[in-house]
Structures are given as C-alpha cells and as structure tokens.
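# Fold and contact review
Listed below, chain by chain, are the residues.
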Amino acid sequence: RQAIAKSFAITLEILSEPEFKAEMGPSFEPMHHLGFGSDFDGATLVPSGADAIPWYLEGISGFQKNGLQPFDREAIENIAGENLFRLLTDSLNER
C-alpha cells in the first residue's frame, strides 16, 4: 500500500517539473490530473490483497501516515475521485 502513495508522489513530482508545467499552460494544476484506476474486470495479476476497493482506501490513508506530505486533504479527495468526477461532468456538459 505504501507503493501506491510513493507512485503518486513520484507522478506528482514529474507533473510539477517547471518545463512540463510550462508546456501544459498557465492553468495547469498537477494535483487535478491524478486519480486512482483499476482493472478489476480484466486484470489477471494484482498486488496481494488488491482485489477490492478497501485496498485503495487503505492506500489513501497511508499517504499521510507514511510521511508523504505533498498530499493534503484536498489532494487526497482529488486523487480518490474528485478529479474523475470533474472530468466526467465536464465531458457530459460539453455534449
């Protein structure tokens, strides 16, 4: 579960690179582009115990427990689903 938190911290670090942010434009906010995903309907190999949503929830709670401070409450909410919800809502509104 700690690996989940670390992978998000590394991804956030990459998305926060000044060159990347400049390429994405002035309105780009890295924390609004991360989110959990799963492949429960087709994965044949998953980490031990990662076969249900509670595993992800434990991973989320592990962010701050493991000293990964780039994740405040808002960031965790975004990663846990707000970013996906916003993307879906925006996409539906464009139709």
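Residues numbered from 1 in each chain as written. Predicted model: local features only at pLDDT ≥ 70, side-chain atom pairs only at ≥ 80, totals over all residues. Heavy atoms only, no water.

Here we take up the overall build of the protein. Looking only at helices and strands, the protein has 4 helices and 0 strands in total. Ordered by position in the sequence, the α and β elements of the protein form the string α-α-α-α. Counting all 95 residues of the protein, 26% fall into the buried class. Put simply, 54% of the contacts in the protein that link residues at least 6 apart link residues at least 24 apart. (Helix = DSSP H or I, 4+ residues; strand = E, 2+ residues; numbered from the N terminus. Buried < 20%, exposed > 50% of the residue type's maximum accessible area, 1.4 Å probe, protein only. Contact = heavy atoms within 4.5 Å.)

A few words now on helix H4 (residues 73–93). At Ile79, H4 shows its maximal kink, close to 60 degrees. Listed in full, the buried residues belonging to H4 are Ala75, Ile76, Asn78, Ile79 and Asn83. (Bend = angle between axes of the 7 residues up to and from the residue.)

As a further point, take the packing of aromatic side chains. As enumerated under the stated definition, the model contains 1 aromatic pair in all. Arranged with centres 5.6 Å apart and planes meeting at 75 degrees, the rings of Phe20 and Phe28 form a pair that is edge-to-face. Here Phe20 falls in the partly exposed class, since its relative accessible area comes to 28%. (Phe/Tyr/Trp six-rings, centres within 6.5 Å; stacked < 30°, edge-to-face > 60°.)

Right, let's talk about a nonpolar patch on the surface for a bit. Together, Leu84, Leu87 and Leu88 make up a nonpolar patch on the protein surface, roughly 300 Å² of accessible area in all. Relative to the helices and strands, Leu87 resides in helix H4. (Patch = residues over 30% accessible without salt bridge, like charges linked within 9 Å, V, L, I, M, F, W, Y side chains within 5 Å. Areas by Shrake-Rupley, 256 points an atom, 1.4 Å probe, with all protein chains shown as cover. Salt bridge = Lys/Arg side-chain N within 4 Å of Asp/Glu carboxyl O.)

On average, the protein scores 76 in pLDDT, and the residues at 70 or more come to 58%. Summarising per-element confidence for the protein, the mean pLDDT is lowest in helix H3 (residues 53–65) (63) and highest in helix H2 (residues 18–24) (92). (pLDDT = per-residue confidence, 0-100.)

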